[in-house]
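Below, each chain spelled out in residue letters.
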Amino acid sequence: MATLILPGDWIKNWEKSGKHEFLNISCFCLKMNCLLVSCVFTSPDMQAALYELCWQVVQGNLKLDLAASVLGDMMELRDDMPSILADVFSILDIETGALEEKNKRDHYTQLVGACLFFVPEAILKERLDPETLESLGLIKQAHQFNQKIVKIKTKLFYKQQKFNLLREENEGYAKLITELGQDLSGNITSHLVLESIKSLIGCFNLDPNRVLDIILEVYEGRSDQDEFFLPLIKSYMCEPLTLCHILGFKFKFYQEPNEETPKSLYHIAAALLHHSLIELEDLYAHLMPLDVTIVEEHKREISEAKQIARKLVMVVVPSEKSEDKEKDKEKEEEKNEKPPDNQKLGLLEALLRIGDWHHAQSIMDQMPSFYATSHKAIALALCQLVHLTVEPLYRRAGVPKGARSCVMRPLRNKRAPRPAESFEDLRRDTFSMLCYLGPHLSHDPILFAKIVRLGKGFMKEYQSDGRADVKDKMETLLSCFLSIADQVLLPSLSLMECNACMSEELWGLFKLFPYQHRYRLYGQWKNETYSSHPLLVKVKAQTVDRAKYIMKRLTKENVKPSGRQIGKLSHSNPTILFDYILSQIQWYDNLIGPVVDSLKYLTSLNYDVLAYCIIEALANPEKEKMKHDDTTISSWLQSLASLCGAVFRKYPIELAGLLQYVTNQLKAGKSFDLLILKEVVQKMAGIEITDEMTLEQLEAMTGGEQLKAEGGYFGQIRNTKKSSQRLKDALLDHELALPLCLLMAQQRNGVVFLEGGEKHLKLVGKLYDQCHDTLVQFGGFLASNLSTEDYIKRVPSIDILCNQFHTPHDAAFFLSRPMYAHQILSKYDELKKAEKGNRQQQKVHKYVAACEQVMAPVHEAVVSLHPPRVWDDLRPQFYATFWSLTMYDLAVPHSAYEREVNKLKAQIKAIEENPEIPLNKKKKEKERCTALQDKLQEEEKKQLEHVQRVLHRLKLEKDNWLLAKSTKNETITKFLQLCLFPRCIFSAIDAVYCARFVELVHQQKTPNFCTLLCYDRVFSAIIYTVASCTENESRRYGRFLCCMLETVTRWHSDRAIYEKECGNYPGFLTIFRATGFDGGNKADQLDYENFRHVVHKWHYMLTKASVHCLETGEYTHIRNILIVLTKILPCYPKVLNLGQALECRVHKICLEEKEKRPDLYALAMGYSGQLKSRKVHMVPENEFHHKEQPVRSATPASQQNGPGSTGKPATSTSKTEEGTSEDGDRGKDKSQGTAKPVNKANSAAAKVTTSNGNGALNSTKAVKERDDKEKSGKEKKEKKEKTPGSTPETKGENRREKQRDERAGKEERAAREGKEKTPKADREKLKAEEKSGKEDKTKAGNGESKEPSRERDTVKESKSKEKGDRSAVAGSLKSPGARSESAESERDHKRRKLDSHSSPSHSSSVKDNSNEPKDSASKHHITYNSVARSKSRERETDKKDSENTQGRSKEKKEEKDRKERKRDNPVSDREMSQESKRRKDENGTNSSKNSKSTSPSSDSPLSAEKEKSKRSKSSSKEKGESVKPERTSSGGKKESRHDKEKSDKKEKRDSSGGKEEKKHHKSSDKHR
């Protein structure tokens, strides 16, 4: 009922119903008010009802007497009804007084007069206006009444009484003081004393306020008597404001400079506040200084602290230093004028002393944070209060076993904070107290230790109590303890001076937190805490200053004293110190060693902080992880990674954070930080990853773990047992082992396809290598350190790895391989225990059974990795066997074991002979060496047994390895693609393994495996493989090629070895019959001589590919081929002309890249130097594989020409000027040619031209017939030798021939090596002179040799027909054999034209029929009149033979000596001729370049008629190519020394004639 409006009908029918309704509603309102509010003094609703009724009377709507009677009735409803009615009259008095209608005023006056009977006069006199009272007759005159009121007010409020003050009469005060100062130990109570005081005030008329002041003075003097004075004051003066004013006057008295407020005054003020006798707000206004002043002072302190910090960082000139000192002195003098006390802080201290935390907290809230507690007294007072609060809980849960602690006396104050009985109670007051204390807990190390121990007690409960109902409470408490650690414990540690015990105590708590919580705390401490308080700002600056001082003086020599200083500094402020040290290490990596050694004095907490600081430095977003050239990783990152490895190995630092950081970076697709993992694993586990291993190290790495540790690494990293165990535990505890492996395996491709887009190719390669190397290293660590159960539990099966986790196959098998080895061994041990049989045969069978059981699921699993057609050629068993074995399984490195054992024996001997070593140390070292020796020998024995078991297993398996469903070529392709190439670039040991595995498969006589084809494919197609490698992969690929070449070279070196290891092996079958391998037909095997030709072809292919890569100009091509060439240097090049071709190209690279790309220049120079040193081991081509040089054209120069400046051998006739497009076609043909059906390859088998252009020996039948021809050739030579000696004329002619020979050889070599130095115009002139000078010399007769060449042609034709039914495989693999003289001349001619062209692209090893027309066309392109030329050459040959025999007949007696000399002569002659040629080049006398600068257009096709004539003559020429072997026996060694000497001299003399004829025909062709 908001307002009560009387309806009009009530007024009209008032007497009948209105009065009754009004009374009912009034009663209802009163009842409702009583129910809702029990203590309602007046009711607004009732007032409204009365107002309405009275207003109706004033308006004249209701009769006066009726209203008066109703009001009289209502007075009985409530006691305060008259007062309510008086209020209503007061309102109406004001309202009617303002009205102009007089009658309404009269109605009002009459109504009040009628109510005088039941409203007291006194109430009306209070409420109504004096004029109204006068009109009612209650007062006589209003004016007098007003005057009387003024007088009474003045008397009450303004008139002062005269009291007896102290100076006027002191007896009463003396008695008062005596009363208050009496001994209170008896039964005297405050009540009795109060009565005495009252009587004294009454007797001596004392001033009550002055009495109160004296009571406070006495209380101040007797401040320990709180129990007496506080009740006395409370009962004497209940007015808080008066008491507050008196206290305020007392405080004001001390607010002058150099005045000190007594502690007793603070105490009584605190006691009065605590007992609520005064209010803090009232007293606070009387205290000085003002809050504004305090805030300003705090800001000034912070700015001063920052200024000090800046000064410590700045470099100050000496003159400035003196000025600063003077200023500091002035400031100190100013400070000597002591300002007045801070009374607010004094009161705060007093409050804390008596335990009034509530009021103390209120005061601290008025001030800046930590301002109050920065005053030591207040900090100590608050510490004391916290001591008392935590005491019971500390005794229950915090005291260490066996510790005795002093008893704390509790406060007598019952209102003080309640002591905590449980951890939950700490939330009540203790945590808030500690937060106000902040960094100033440092003043009380004992309390610091107590809080830390309480934290440890809580963490034990938290970790052990798993109840769900208390989980939320425990989580809240945990967050509280973490906050305390962040805001109180760590900042306090910063202000403690060098307290290592506190640091260790704190670590006891922190190690119970997960590393995420700890690192969060360290981050806050390092980056935020030090800016929160002036003291901490100063401490930070001082720490940095001190750190600089130490680091400037830190060297290897003073590690110990510097380490102690670092230790002292780190106990309090590790974050600041380590931040500076790390910044220095990032600049100067030579500090890493001394710093790591100097960290041995740190506490456990400091080591943990160091780990955090390292991670923070690594994750710094402001630092670029690449150098400015964007091709290399920044040096700061490399330095930090190196530091990580050293620090984490040497000191017991938790690794989880660092490992998780690397994992997170990999998840984010960033692989830079793998450098850290690589360093950590290398240092902690002693596992090195380097592709620069020596052969000895590599050999040692194929042995057992002990041999690896002793001989497999550059630096023998000892004592890695503990550190590797820590690393293993960290990986397993945080489940990071497998995730890291999988992430690295996936990231390898991520580096290329995700990261690589914007990065430099060089950097992408480095990152890929780093990722791959770290994976290999990390996988090796897991394999050698995890137990079998741990490993198997964590690594899933191969199909899950590849299909579900998308791990590349090579990495998946790499991870699974140790698991298979573990499982096979454990299963083998089980089978051995089950059936006890010691016979070796039984053991082997059990091992095979164990392998079958373990590998059977793997065979099934690998099927899903590749399409079904793959398994048509390779069996899953073969695939799994290849990927699951290692070098440890294939061979025992006996020499490595022997080498390490000998080293240990030498060590023992050295120890025995050293007199300086003490006896006990000698004994220990000798025992260590002997134990190692025994371990190595035991390990060797164990490996030997293992290898024998594995080889037996492979022997049983081999028949089911390869299926013959498709061609041998397809099988080899799949083997190379899926097995050999992926694994040979995985690691250095895998590279060796791949080469040895191929050899093993060959040795096992594996059906359907063509060894010859496999080697051919490996050596013939290296350009694309090399180009797609990274730097480290190319090293591994080079090592693989080197191992393959070693095997080939061994077979090539000796016929006996070849016959023994390859002679009757299916891998060297040249014809594959449909019935499969049936023991082999001797005629189907590749014989030794043909094998040597094939090896020469492989060497040539390698040269061609190398030259191509070197001439591309591409960075990766050049770098990779140089790395590969360096790796294969022990086995290649072996042929002199190929070596010279390489040397020429590499020299060119050195010149071109010296300024542009220094790293390529360095590689090229390194290889060039090594190549020159190997030159003495190179042999001429005819010694590498036996071939008869053509009589007229094969000079030493042409022998050594090799690929020349174009990368093509001197004998190449199968290439035309059509360039790289034709080469590319042949490259494709090559890759498929070996698998073509027999009927398509007949002509290729009859006349196979391999990539160096020499006519190949076609089959073993051809070889036999060739041997017959050679015998007849020998007889002819013997006849020639019997002709008479030389005449003076022939001697002169001999000299002329020699001169021509030398001149032509020099010109040709100069043209080959120096073609770029002569300007084009000069070349044209010289060429013209040469042609005109040599035209006459080519007119000699050509008829003599016509008939013999025809006879040879017919023999060749018959041979080729017989061989037509054979497969093309043999032909595809054979190296060049004999050449006809006409072919030689045109090749020389053509080579000069092609010398300046680009290097060869991928050349084919097998030429198909499709290539033959091109070949024949190119052969006949220049030799227009080959028959005439062959006649002239035959005449010259006979003439020179007669001359030679005369000279040689005199030397028959000294045949042995001559043979030895002649063997050496060709090499020395060539080198001498090359030297003279180089000198001529330098002097500008090279005149034969012109013949080589002919543009490709000069070889434009001839007319159709010429083409036809060429083709008709090509048959005789091609057939003649096989004649050369007639002059060389198949064994090569059986030829007489005399024949050799004769042929050598003949070749030298005749070379010039052939060359001049070629040049003549070349010019005649041009004229035509």
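Described below are features of the structure shown in this document.

Quick notes on the rules
Starting afresh in each chain, residues are numbered from 1 along the sequence in its written order. Thresholds applied to this predicted model are a pLDDT of at least 70 for local features of residues and 80 or more for the giving and counting of side-chain atom pairs; totals over whole chains, interfaces and linings are not thresholded and use all residues. With hydrogens and water set aside, each side-chain value is computed from the structure's full complement of heavy atoms. The rule for a salt bridge is simple: a side-chain nitrogen of Lys or Arg has to be within 4 Å of a carboxyl oxygen of Asp or Glu. Going along the chain from the N terminus, every DSSP run of H or I of four or more residues is numbered as a helix, and every run of E of two or more is numbered as a strand. A 1.4 Å probe rolled over the protein chains alone gives each residue an accessible area, and that area as a share of the maximum for its type sets the label: buried under 20%, exposed over 50%, partly exposed in between. A pair of aromatic rings is counted whenever rings of Phe, Tyr or Trp (Trp by its six-membered ring) have centres within 6.5 Å, and the orientation is called stacked for planes under 30 degrees apart, edge-to-face for over 60 and tilted otherwise. Only buried residues count toward a nonpolar core, which is a set of Ala, Val, Leu, Ile, Met, Phe, Trp, Tyr and Cys residues joined through side-chain atoms within 4.5 Å. Given the number of residues in a helix, its expected span is that number minus one, multiplied by 1.5 Å. Directions are taken from the helix axis to each C-beta atom, and the arc is the one they span. Here the axes come from fitting lines to C-alpha atoms, over the contacting stretch only for helices, and the angles between their N-to-C directions go from 0 to 180 degrees. Should any heavy atoms of two residues lie within 4.5 Å, those residues are considered in contact. Here the term charged refers only to Asp, Glu, Lys and Arg, the term nonpolar to Ala, Val, Leu, Ile, Met, Phe, Trp, Tyr, Cys and Pro, and the term polar to all other amino acids, Gly among them. Note on patches: the residues involved have over 30% relative accessible area and no salt bridge, like charges join within 9 Å, and the nonpolar side chains Val, Leu, Ile, Met, Phe, Trp and Tyr join within 5 Å. For the area figures, the Shrake-Rupley method with a 1.4 Å probe applies, and any residue is considered shielded solely by the protein chains shown. For the purpose of charge, His is not counted, nor are the chain termini; Lys and Arg are scored as positive and Asp and Glu as negative. Note that the charge is assigned to NZ on lysines, CZ on arginines, CG on aspartates and CD on glutamates. For this classification, under 35 degrees means roughly parallel, over 145 means roughly antiparallel, 65 to 115 means roughly perpendicular, and everything else is oblique.

**Re the pattern of salt bridges**
Summed over all chains, the structure comprises 48 salt bridges. Here Lys450 makes a salt bridge to Glu391, at a shortest N to O gap of 3.2 Å. With Lys450 in helix H23 (residues 445-464) and Glu391 in helix H21 (residues 376-397), this residue pair connects regions lying 59 residues apart in the sequence. The exposure classification of Lys450 matches that of Glu391, with both residues buried. Of the charged contacts in the structure, one is a salt bridge between Asp959 and Lys958, with a shortest N-O distance of 3.1 Å. Since its relative accessible area comes to 47%, Asp959 is described here as partly exposed.

**Comments concerning the packing of aromatic side chains**
Under the defined criterion, the tally for this structure stands at 48 aromatic pairs. With a centroid separation of 5.3 Å and 50° between ring planes, the pair formed by Phe1019 and Trp1098 is classed as tilted. Highlighted residues: Phe1019 in helix H50 (residues 1011-1020) and Trp1098 in helix H54 (residues 1088-1111), separated in sequence by 79 residues. Pair check on accessibility: Phe1019 and Trp1098 agree, each one buried.

**Looking at the nonpolar core**
Membership of the largest hydrophobic core comes to 319 residues, with the highest contact counts inside it found for Leu347, Phe510, Phe975 and Phe1040. Looking at this core element by element, the count peaks at 13 residues for helix H24 (residues 471-495). In this structure, Val57, Phe89, Val112 and Cys115 belong to the second largest nonpolar core, which totals 37 residues.

**Some points on helix H6 (residues 102-114)**
Helix length check: H6 (13 residues) gives 18 Å between terminal C-alpha atoms against 18 Å at 1.5 Å per residue, within 8%. Among the residues making up H6, those that are buried are Lys104, Tyr108, Thr109, Leu111 and Val112. What you see down the axis of H6 is that its buried residues fit within an arc of 160°, all on one side.

**Notes on the packing of helix H48 (residues 968-984) against helix H49 (residues 988-1003)**
Between H48 and H49, whose axes approach to 7 Å, the crossing angle comes to 140°. Residues Phe975, Leu980, Arg983 and Cys984 of H48 form the contact with H49, whose participating residues are Asp990, Ala991, Tyr993, Cys994, Phe997 and Val998. Split by residue class, the contact of H48 with H49 holds 8 nonpolar, no polar and 2 charged.

**Comments concerning helix H28 (residues 559-572)**
It helps to recall that an α-helix has 3.6 residues per turn; residues three or four apart then point in one direction. Between its first and last C-alpha atoms H28 spans 21 Å; for 14 residues at 1.5 Å apiece the expected length is 20 Å, and the two agree. What H28 keeps buried is the set Val559, Ser562, Gly563, Ile566, Gly567, Leu569, Ser570, His571 and Ser572.

**Section: a positive patch on the surface**
A grouping of Arg546, Lys552, Arg553 and Lys568 is seen on the molecular surface, where their side chains present a positively charged patch. Counting residues per element, the positive patch draws most heavily on helix H27 (residues 534-553), which supplies 3 residues. With respect to the secondary-structure elements, Arg553 resides in helix H27. Exposure remark for Arg553: the relative accessible area of 41% places this residue in the partly exposed category.

**A short note on the packing of H28 against helix H29 (residues 574-587)**
Geometrically, a packed helix pair is captured by the angle between its two axes and the distance between the axes. As a packed pair, H28 and H29 sit with axes 6 Å apart at the nearest point and diverge in direction by 130°. By the angle class used here, H28 and H29 are oblique. Note on element contacts: H29 touches H28 through Pro574, Leu577, Phe578 and Ile581, opposite Ile566, Leu569, Ser570 and Ser572. For the contact of H28 with H29, the class distribution of residues is 6 nonpolar, 2 polar and no charged.

**Let's talk about a nonpolar patch on the surface**
A contiguous nonpolar surface patch, about 530 Å² in accessible area, is contributed by Ile152, Leu156, Phe157 and Tyr158. With respect to the element layout, Ile152 can be found in helix H9 (residues 142-157). Overall, the relative accessible area of 45% leaves Ile152 in the partly exposed class.

**So, unusual backbone geometry**
The omega angle of the peptide bond from Met288 to Pro289 is 0°, so this bond is cis rather than trans. You can see Pro289 is positioned in the loop between helix H16 (280-284) and helix H17 (291-313). Here Tyr1132 and Pro1133 are connected by a cis peptide whose omega angle stands at 0°. Checked against the element boundaries, Pro1133 lands in the loop between helix H55 (1115-1127) and helix H56 (1136-1156). Of note, Asn1008 is a non-glycine position whose phi angle comes to about 70°, a positive value. Mapped onto the elements of the fold, Asn1008 is located in the loop between H49 and H50.

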